[in-house]
Protein chains: 2
Amino acid sequence: MNKHPHQIRFGQALSSHRKKQGLSQEQLAFNSGLDRSYIGGVERGERNISLINMYKLADALQIKVADFFTDADND
Amino acid sequence: MNKHPHQIRFGQALSSHRKKQGLSQEQLAFNSGLDRSYIGGVERGERNISLINMYKLADALQIKVADFFTDADND
């Protein structure tokens, strides 16, 4: 499984935002319309997520897409 | 051709950052290692760009990936 460092950091940012809101992966999947196993893969850094799916997750978390990168880019 | 509003806004942000630096699509393609026609498609809002390609473009423009969204998300 190809785990690119950028994918790992995005996954960590997604997981952190989800947990801050006390959401399970199932709840985030329901709210975003994405599959729970896909979200798990993104959080584990296994997915090269696309722009549209980033917006689906940001909208479901009521954050901005930039917020995923603000954590990730400030390492 | 499917032109999702988020793709259009990302394309506008990419084009704006590229032009601010006086780069042609060819130069950005060379610097990012991506194909010029792919970059043209992203700028026209025709591509659902992935995370890794966002980083390639941001690195080539010496900006942060969040900078693509700061413009796009502030509409």
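Residues numbered from 1 in each chain as written. Chains lettered and ligands numbered in written order. Predicted model: local features only at pLDDT ≥ 70, side-chain atom pairs only at ≥ 80, totals over all residues. Heavy atoms only, no water.

1. Comments concerning the environment of Ser15(A)
Phase 1 of the analysis: Relative to the helices and strands, Ser15(A) resides in helix H1 (residues 5–20).
Phase 2 of the analysis: Distance in space between the C-alpha atoms of Ser15(A) and Ile49(A) is 14 Å, their sequence separation being 34 residues. (Helix = DSSP H or I, 4+ residues; strand = E, 2+ residues; numbered from the N terminus.)

2. Side note on the UniProt feature "domain: HTH cro/C1-type" (unreviewed entry) in chain A
Phase 1 of the analysis: Feature annotation in UniProt assigns "domain: HTH cro/C1-type" (unreviewed entry) to the following positions: residues 14–68 of chain A.
Phase 2 of the analysis: In the segment residues 14–68 of chain A, helix accounts for 69% and strand for 0%; the C-alpha atoms at its two ends are 6 Å apart. (UniProt positions renumbered as here; feature names shortened; annotations may be inferred.)

3. A few points about the interface of chain A and chain B
Phase 1 of the analysis: If you look at the interface, chain A gives 19 residues, while chain B gives 19 residues.
Phase 2 of the analysis: A combined buried area of about 1,800 Å² lies between chain A and chain B, and 64% of that area is made up of carbon and sulfur atoms.
Phase 3 of the analysis: On inspection of chain A and its partner chain B, the count reaches 0 salt bridges.
Phase 4 of the analysis: In this assembly, chain A and chain B are joined by 8 residue pairs in polar contact (both at pLDDT 80 or more).
Phase 5 of the analysis: Broken down by secondary-structure element, the contributors of at least two residues to the side of chain A that touches chain B are H1, helix H4 (51–61) and helix H5 (65–73) of chain A.
Phase 6 of the analysis: The dominant element in the side of chain A that touches chain B, judged by the number of residues it contributes, is H5(A), at 5 residues.
Phase 7 of the analysis: Residues belonging to the side of chain A that touches chain B are distributed by class as follows: 10 nonpolar, 6 polar and 3 charged. (Contact = heavy atoms within 4.5 Å. Buried area = accessible area lost by both parts, 1.4 Å probe. Salt bridge = Lys/Arg side-chain N within 4 Å of Asp/Glu carboxyl O. Polar contact = N/O pair within 3.5 Å; in protein donor to acceptor, adjacent residues only side chain to side chain. Nonpolar A, V, L, I, M, F, W, Y, C, P; charged D, E, K, R; others polar.)

4. Digging into the packing of helix H1 (residues 5–20) of chain B against helix H3 (residues 36–43) of chain B
Between two packed helices, the angle of one axis relative to the other and the distance separating the axes together describe the packing.
All names here are of chain B.
Phase 1 of the analysis: Following both chains from N to C, one finds H1 and H3 inclined at 120°, their axes separated by 7 Å at the closest point. With respect to each other, H1 and H3 are oriented oblique. Residues Gln7, Phe10, Gly11, Gln12, Leu14, Ser15 and Arg18 of H1 form the contact with H3, whose participating residues are Ile39, Val42 and Glu43.
Phase 2 of the analysis: Residue composition of the contact of H1 with H3, by class: 4 nonpolar, 4 polar and 2 charged. (Axes fitted to C-alpha atoms, helices over the stretch in contact; angles between N-to-C directions. Parallel < 35°, antiparallel > 145°, perpendicular 65-115°, else oblique.)

5. Some remarks on the relation of the copies chain A and chain B
Phase 1 of the analysis: Of the transformation placing chain A onto chain B, the axial shift is 0.0 Å and the rotation is 180°, giving an RMSD of 0.0 Å. Both copies of the chain, as the preceding transformation shows, are related through a two-fold rotation axis.
Phase 2 of the analysis: When the interface residues of chain A are mapped onto chain B, 100% of them again lie at the interface, so the same face is used by both copies. (Least-squares fit on C-alpha atoms with pLDDT ≥ 70 in both.)

6. Looking at the pattern of salt bridges
Phase 1 of the analysis: For the coordinates displayed, the defined rule picks out 6 salt bridges over all chains.
Phase 2 of the analysis: Among the ionic pairs, Arg36(A) bridges to Glu26(A), the shortest N-O distance being 3.7 Å. Pair noted here: Arg36(A) is in helix H3 (residues 36–43) and Glu26(A) is in helix H2 (residues 25–32), with a separation of 10 residues, a long-range link.
Phase 3 of the analysis: Residue Arg36(A) is classed as partly exposed on the basis of its relative accessible area of 33%.
Phase 4 of the analysis: A salt bridge links Arg18(B) to Glu43(B); the shortest N-O distance between them is 2.7 Å. Here Arg18(B) is found in helix H1, whereas its partner Glu43(B) is found in helix H3, with 25 residues between them in sequence. (Buried < 20%, exposed > 50% of the residue type's maximum accessible area, 1.4 Å probe, protein only.)

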